[in-house]
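# Examining the three-dimensional arrangement
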Amino acid sequence: MKKENISIIILAAGKGSRMQSSKAKVLHTISGKPMLYHIIKESRKISDDVTVVVAHQKEAVREAMQNYFTDIHFAIQDAQKFPGTGGALKNVSPKNEKVLVLNGDMPLITAESLQGFLEIDADIIMSIFDLHDPNGYGRVIIKEGHVEYIVEQKDANDAELNTTTVNAGVYAFSKDIICKYIPRLSNDNAQKEYYLTDVISMAKEDGMSIIPLLVDEEHFKGVNSKKDLAVAEEIMQDRIRTKWMNAGVTMQLPSTIYIEDGVVFEGECIVENGCRITGESKIINSHIKAGSVIEESVIKNSDCGPMAHVRPLCYIEDSHIGNFVEVKKSILKGVKAGHLSYLGDAEIDEGTNIGAGTITCNYDGIKKYKTYIGKNVFIGSDSQLIAPLTIKDDVMVAAGTTVTSQEIKSGNLVLSRTKIRFVKDFYYKFFKKK
Ligand code: UD1
Ligand code: CA
């Protein structure tokens, strides 16, 4: 079916009280992006007409999505007057004959997993799955192969509760079905809500064709709680890691590695156990060693870690970043920083060695300042570089120096040390030994 013949409506207006959070449920993130983002991204692949229904925190939800998508529509649910998933559809008029309705809390759906809804011709296609533990889902009552009705957990009797066939929360309706039955919904139920699921029994009574489509939990899992969010995250992470391993990235103990949706790898990369790579980071021909965190940065032809922390907006090329080195908003090209350093707001050029324990003192409590270090500079261990500071090419900073001058010229040795003293037998007197 063509993209221009399908309308998709995503229900994202609910509070999500089971999340125990002040943030709207659909804005909770999976692999670094809001749940709703993942659903819209996949929906756009199969439809040109995507509408998101908002109400609770509508401005926050709308703004968050407009950061990513410019070509989607929003509809506002009158959630006071018409609460519930059926209420959410009262203010929506789809453009096309075929209308796919998706819950906004199903971050694992993919365009491929929705294909079945586009291929079958029926008044209603609804998604079902069989669960060992159906807790939280609406139960689907099927008799002699025909769907009779859906009953929500809070309204179900004991026999209904024992049903393990549940409503996954995706529906394909013909436009007529929406126009005919949404206005007729009532809120005569345990939650005093207008349930979209009641459309099924009404359409069934009128002899409409209702096809149950068996789907898998791996794509259609609903996220209602923080536990569900964590389970969905694991599934999404497995997908992301598999995608990159298939593209040639070597991962050691992949289940311990967290990689966000926007991260890109190129060339030959190795990621060791326990790494976290976030944002729109780009890793090119690099080795990220155990326990390192890379945030929103580019790492090219380099190695980082173990236990390095590369914070946002770094560009690191042809460099060696060793253990316990933190780098922030810095450009490093051809640099060695092997141990225990903080390099922030710095630009450091080729052939420069940063000794263990070097700190760029980039913040005076009010403002941040930059540090420029040229080519082939040797910074001795345990040095403090007080920014703003420019160190030209070919400079040597002696170990333990606090560099306070704003500019160091090429060829210089910089050294700040107090004269060493010896106090004879002080130790023995102090500890009263001997
Ligand atoms: C819903 C279904 C249930 C199904 C489950 C699948 C109903 C009545 N129940 O239950 O049968 O098993 O999904 O995951 O449909 N929303 C609105 N406006 C509202 C209320 C909710 O837009 O007034 C949105 C929410 O933001 C959410 C989606 O609809 O994205 C589903 O709402 P939720 O409260 O999570 O429904 P469930 O109880 O999970
Ligand atoms: Ca839900």
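Residues numbered from 1 in each chain as written. Chains lettered and ligands numbered in written order. Predicted model: local features only at pLDDT ≥ 70, side-chain atom pairs only at ≥ 80, totals over all residues. Heavy atoms only, no water.

## Considering the site of ligand 1
Ligand 1 sits among 22 residues. The nearest are Q77, G84, T85, E152 and N167. For ligand 1, an oxygen atom lies 3.1 Å from a polar atom in the side chain of R18. Within the side chain of T85, a nitrogen or oxygen atom sits 2.7 Å from an oxygen atom of ligand 1. Protein burial of ligand 1: of its 760 Å² of free accessible surface, 90% is covered by the chains. When grouped by side-chain class, the residues that make up the shell around ligand 1 number eight nonpolar, ten polar and four charged. (Near = heavy atom within 4 Å. Polar contact = N/O pair within 3.5 Å; in protein donor to acceptor, adjacent residues only side chain to side chain. Areas by Shrake-Rupley, 256 points an atom, 1.4 Å probe, with all protein chains shown as cover. Nonpolar A, V, L, I, M, F, W, Y, C, P; charged D, E, K, R; others polar.)

## Let's talk about the sheet that holds strand β18 (residues 287–288)
One open sheet accounts for ten strands, arranged β12-β15-β18-β21-β24-β27-β30-β33-β36-β39; its pairing is parallel. Strands at the two margins of the open sheet, each flanked by one partner only, are β12 (250–251) and β39 (413–414). Note that strand β21 (residues 303–304) and strand β24 (residues 320–323) share two bridges and pair parallel. Across the sheet, the residue bridging to C304 is I321, located in β24. (Pairing = 2+ DSSP bridges. Helix = DSSP H or I, 4+ residues; strand = E, 2+ residues; numbered from the N terminus.)

## Here we look at the packing of aromatic side chains
Evaluation of the coordinates by the stated rule reveals twelve aromatic pairs. Their ring planes at 55° and their centres at 6.3 Å tell us that Y68 and F69 sit as a pair that is tilted. With relative accessibility at 10%, the residue F69 sits in the buried group. Between F430 and F431 the ring centres are 5.0 Å apart and the planes differ by 85°, which places this aromatic pair in the edge-to-face class. (Phe/Tyr/Trp six-rings, centres within 6.5 Å; stacked < 30°, edge-to-face > 60°. Buried < 20%, exposed > 50% of the residue type's maximum accessible area, 1.4 Å probe, protein only.)

## Here we look at the coordination of the calcium ion (ligand 2)
With distances of 2.2 to 2.4 Å, the protein atoms coordinating the calcium ion (ligand 2) are D105 (OD) and N224 (OD1). Residue D105 is located in the loop between β6 (98–103) and α3 (115–119), and its partner N224 is located in the loop between α7 (217–220) and α8 (226–246); the two are separated by 119 residues in the primary sequence. According to the relative accessible area criterion, N224 is buried, its value standing at 15%. (Donors = N, O, S within 2.8 Å, 3.2 Å for Na, K, Ca; no water.)

## Re the pattern of salt bridges
When the charged atoms of two side chains lie near each other, side chains of opposite charge can form a pair. Scanning all chains against the criterion turns up 21 salt bridges. Residue E42 is joined to K45 by a salt bridge in which the shortest nitrogen-to-oxygen separation is 3.1 Å. In this pair, E42 and K45 both sit in helix α1 (residues 35–46), three residues apart, roughly one turn of the helix. Exposure remark for K45: the relative accessible area of 43% places this residue in the partly exposed category. Because the salt bridges share partners, they merge into one network encompassing K3, R44, D48 and D71. (Salt bridge = Lys/Arg side-chain N within 4 Å of Asp/Glu carboxyl O.)

## Comments concerning the pairing of β24
Working note: regular strand, side chains alternate between the two faces of the sheet. Relative to strand β27 (residues 335–339), β24 runs parallel, the two sharing three bridges. Across the sheet, the residue bridging to H320 is K336, located in β27.

## Structural notes on the domain arrangement of the protein
What the domain assignment lists for the protein is domain 1 (6–214) and domain 2 (226–414). Between the C-alpha centres of domain 1 and domain 2 there is a distance of 44 Å. Across the boundary between the two partners, domain 1 contributes 16 residues, which contact 15 residues of domain 2. It is I30, S31 and L108 that lose the most area in domain 1 upon contact with domain 2, and together they represent 49% of the buried surface on that side. Taken together, the connections running from domain 1 to domain 2 amount to three salt bridges. With a closest N to O distance of 3.5 Å, D261 and K41 form a salt bridge. On inspection of domain 1 and its partner domain 2, the count reaches seven residue pairs in polar contact (both at pLDDT 80 or more). The leading source of residues in the side of domain 1 that touches domain 2 is α1, at four residues. (Domains from an automatic or database assignment. Contact = heavy atoms within 4.5 Å. Buried area = accessible area lost by both parts, 1.4 Å probe.)

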